[in-house]
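# An overview of the molecular structure
The primary structure of each chain is shown beneath.
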Amino acid sequence: MSAPVLEGWFTLDAGAPQLLGSRCVACGTYYFPKLKTFCRNPDCAGEKFEEVPLSRTGKIWSFTNAVYQPPEPYVQVAAEDFKPFAIAAVELEKEKMIVLGQVVAGVGVESLKAGLDVELVLEPLSDGKLTWKWKPTGAAK
Amino acid sequence: MSTNKDIAILGVGMHPWGKWGKSFIDYGVVAARAALADSGVNWRDVQFVSGAATIRNGYPGQVAGATFAQALGWQGAQVNTSYAACASGSQALAAARSKILSGECEVALVIGSDTTPKGFLKPQPGDRPDDPDWVRFRIGITNPTYFALYARRRIEMYGDTQADFAMVKVKNAENGFTNVNARYRKKFTAEEVAASSIVADPLRLMDICAVSDGAAAMIVSSVEYARKIGKASAPRIAAISTVTPTFASALVEMPDIATDSAVAVPAQSFRSALPRKAYEEAGVSPKDISLAEVYDLSTALELDWIEDLQLCARGEAAQLMRSGATRVNGRIPVNASGGLACFGEAVPAQAIAQVCELTWQLRGQAGDRQVADAKVGITANQGLFGHGSSVIVKR
């Protein structure tokens, strides 16, 4: 399997990958990316964190796309080879947080809707490195 | 009504926004001299120079207060520089107010100026996986992504349309058409906005503001000093809110790729917290507001701000705008100056420019864009790193 775009940010389980976050042992607040030092909840003095895989399913909160190629460090291709991609902000129910990510190749904004169920999958960027992407799994609720 | 926490605005001035290819110092001096002339105060009588920093112009930009004090001619004033991203100008104003209210000075210059690079802003080079600003570009998330997500959320939740967003641009272009300090002084039709290309669905190129060169300055003083020089009726600063967000964040904010988790404490809106504190401090309510200057980084964001300022109920800003209420001659004009749509963003100058516009409006000196009988105005802006501000000006 290919290398991840960010080391340690998600599991490389091809069938059911998960983002890797951390959770404050004292108050239960989740962090993505991982926080390992001091809890940011103003009522919590927590300094101990455990690594936790985040829910790999959620609902679309909002979405957009990138019509033009993002600048570096996004991996560059020739302008004529760039294919616009969709981006989703996804609500994770258990963690009570919203996480951004690209939507899988071939799914455009016209097929997206707030409330749509999505799951996490891995797909390569144009340098072959794997990143997390959101993939619609069902109808909007 | 006046409380002992008010300060007076004696003079305001700007250097027109644009892409002029000069030093930010030159723009700043032009704005400062205009504000001094407008106030009738002699430069040697200014006791405190409060500069808003620019991070794009090397060392002189980082010590903006001292830079402008020197450029205007060292005369022994106290000096300060504030940095708070888009709220830098308000932080500089707050520093001046503190000095004045504590009695450490009577009259101060508040100043912000910027020269912006050509083209789009890019992240710093090098591999930095611990830097969220690097990470988000690595996975394809740019600045317009965030504005587009907020805009699309409005469509999904409230039924706003791309035509509504275009109407914000048309309205602001009409407002700023005759503003001599605006960079873009051209009217647009809804068809012209609709014909510009999509950058990040649902936002088009003309929905997103540009970056500009520009400078704004103010001379502020104690109410007593204003009275002494025959300016007892000068507009007053009644509130300056520069609160931080409250954990946990309700929105994904640039440059983050996730919100805080609201498992332990509830999610909070930062944008709505900023004016809430200002209203509380000034002792005025949203229904007292004559006009508002808000940070329309995108057209759709102006609609969010209208609701955050409680000028209408959540979800009803597009309806308010469609009714014509936010035009210069409407019930509650928003961005009478033309807003960022007509100015483009000059970060350290922008929050000061918003207060300059309110000052002209409250004095009845806004010319073609004058809001009838303007008594109380409010500004709002938000930038990176948990910075934002809201200022209330009254007469």
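Thresholds applied
- Residues numbered from 1 in each chain as written.
- Chains lettered and ligands numbered in written order.
- Predicted model: local features only at pLDDT ≥ 70, side-chain atom pairs only at ≥ 80, totals over all residues.
- Contact = placed C-beta atoms within 7 Å.
- Helix = DSSP H or I, 4+ residues; strand = E, 2+ residues; numbered from the N terminus.
- Nonpolar A, V, L, I, M, F, W, Y, C, P; charged D, E, K, R; others polar.
- Axes fitted to C-alpha atoms, helices over the stretch in contact; angles between N-to-C directions.
- Parallel < 35°, antiparallel > 145°, perpendicular 65-115°, else oblique.
- Left-handed = near helix turned anticlockwise from the far one by under 90°.
- Buried ≥ 20, exposed ≤ 12 C-beta atoms within 10 Å, placed from the backbone.
- Pairing = 2+ DSSP bridges.
- Domains from an automatic or database assignment.
- pLDDT = per-residue confidence, 0-100.
- Core = buried A, V, L, I, M, F, W, Y, C linked by C-beta atoms within 7 Å.
- Expected span 1.5 Å × (residues − 1).

Right, let's talk about the interface of chain B and chain A for a bit. One frequent convention defines the size of an interface as the accessible area lost when the parts assemble. Facing 33 residues of chain B, the contacting portion of chain A comprises 38 residues. Elements with a contribution of two residues or more to the side of chain B that touches chain A: helix H5 (132-138), helix H6 (143-158) and strand S5 (198-200) of chain B. Here the element with the most residues in the side of chain B that touches chain A is H6(B); it accounts for 6 residues. Grouping the amino acids of the side of chain B that touches chain A by side-chain chemistry returns 21 nonpolar, 5 polar and 7 charged.

Turning our eyes to something else, we now look at the packing of helix H10 (residues 270-282) of chain B against helix H11 (residues 299-308) of chain B. All names here are of chain B. The interhelical angle for the contact between H10 and H11, taken along N-to-C directions, is 45°, at an axis separation of 9 Å. On the basis of the axis angle, H10 is oblique to H11. For the pair H10 and H11, the sense of crossing is right-handed. Across the interface between the two elements, Arg271, Ser272 and Pro275 from H10 touch Asp304, Trp305 and Asp308 from H11. The class makeup of the residues in the contact of H10 with H11 is 2 nonpolar, 1 polar and 3 charged.

One turn of an α-helix holds 3.6 residues; hence residues three or four places apart share an orientation. Residue and element names in this part refer to chain B. Inspection of helix H3 (residues 64-71) places Ala64, Gly65, Thr67, Phe68 and Ala69 among the buried residues, and these make up the whole buried set. Each element contacted by the buried residues of H3 is listed here: helix H1 (24-39), strand S2 (48-52), helix H2 (58-62), strand S3 (78-82), strand S4 (107-114) and helix H14 (347-363). Backbone geometry just downstream of H3 places Gly73 in the positive-phi region, at approximately 105°.

Residue and element names in this part refer to chain A. Spatially, 3 strands are ordered S2-S1-S3 in an open sheet, and the strand pairing comes out antiparallel. Here the strands that pair on one side only, and so sit at the sheet edges, are strand S2 (30-31) and strand S3 (49-53). In this structure, strand S1 (residues 20-24) lies alongside S2, joined through 2 bridges in antiparallel fashion. Each bridged residue has a counterpart across the sheet, and for Ser22 the counterpart in S2 is Tyr31.

The next point concerns the packing of H1(B) against H3(B). All names here are of chain B. Between H1 and H3, the least distance of the axes is 10 Å, while the angle of their chain directions is 70°. With respect to H3, the axis of H1 lies roughly perpendicular. H3 is crossed by H1, and the crossing has right-handed handedness. Between H1, through Ile25, Gly28, Val29 and Ala32, and H3, the contact on the second element is made entirely by Thr67, Phe68 and Ala71.

So, on to unusual backbone geometry. Where the residue is not glycine, phi is negative for most of them; where a peptide bond is considered, it is trans in most cases. Residue B:Asp201 is joined to B:Pro202 through a cis peptide bond whose omega torsion reads 10°. Position of B:Pro202 among the secondary structure elements: in the loop between S5 and strand S6 (203-204). Residue B:Ala248 is reached from B:Phe247 by a cis peptide bond, and omega for that bond is 10°. Tracing the backbone through its elements, the reader meets B:Ala248 in the loop between strand S8 (236-241) and H10. A positive phi is found at A:Lys96, a non-glycine position, where the angle reads about 50°. A count of 18 C-beta atoms within 10 Å places A:Lys96 in the partly exposed class. Positive phi values are uncommon outside glycine, yet B:Phe385 reaches one of about 65°. Counting through the fold element by element, B:Phe385 comes out in the loop between strand S10 (376-382) and strand S11 (388-394).

All names here are of chain B. Domain boundaries assigned for chain B yield domain 1 (7-119 + 213-235) and domain 2 (132-208 + 238-394). Computed over C-alpha atoms, the centres of domain 1 and domain 2 are 24 Å apart. The interface of domain 1 with domain 2 comprises 33 residues on the first partner and 34 residues on the second. Looking at the side of domain 1 that touches domain 2, the elements that each hand over two or more residues are strand S1 (7-18), helix H4 (88-101), S4 and strand S7 (213-221). Per-element tally for the side of domain 1 that touches domain 2: the top contributor is H4, with 7 residues.

With that settled, consider the confidence of the model for chain B. Across chain B, the average pLDDT comes to 96, with 98% of residues at or above 70. For this predicted complex, the interface confidence reaches an ipTM of 0.97, while the overall pTM sits at 0.96.

Another point: the nonpolar core. If you look at the biggest cluster of nonpolar residues, it comprises 165 residues, and the most contacted ones within it are A:Ala88, B:Val110, B:Ala217, B:Met218, B:Val220 and B:Ile352. No other element matches H14(B), which puts 10 residues into this core. When sequence neighbours within four positions are dropped, the list of residues in contact with B:Val220 reads B:Ile7, B:Ala8, B:Ile9, B:Leu10, B:Ala96, B:Ile100, B:Ala108, B:Val110 and B:Ile237.

Within the fold, A:Thr131 resides in strand S8 (residues 130-140). Along the backbone, A:Thr131 and A:Gly101 are 30 residues apart, and their C-alpha atoms lie at a distance of 8.7 Å. When near neighbours in sequence (up to four residues on either side) are disregarded, A:Thr131 contacts A:Val5, A:Gln102, A:Glu123, A:Leu125 and B:Ile139.

It is worth spelling out H6(B) at this point. Helix length check: H6(B), at 16 residues, gives a terminal C-alpha distance of 23 Å against a target of 22 Å (1.5 Å per residue), a fit within 8%. Along H6(B), the residues classified as buried are B:Pro144, B:Thr145, B:Tyr146, B:Phe147, B:Ala148, B:Leu149, B:Tyr150, B:Ala151, B:Arg152, B:Arg153 and B:Arg154. Among the structural elements, strand S4 (57-66) and strand S5 (85-92) of chain A together with helix H7 (162-176), S5, S6 and H11 of chain B are those in contact with the buried residues of H6(B). Phi turns positive, to about 80°, at B:Gly159, one or two residues after H6(B).

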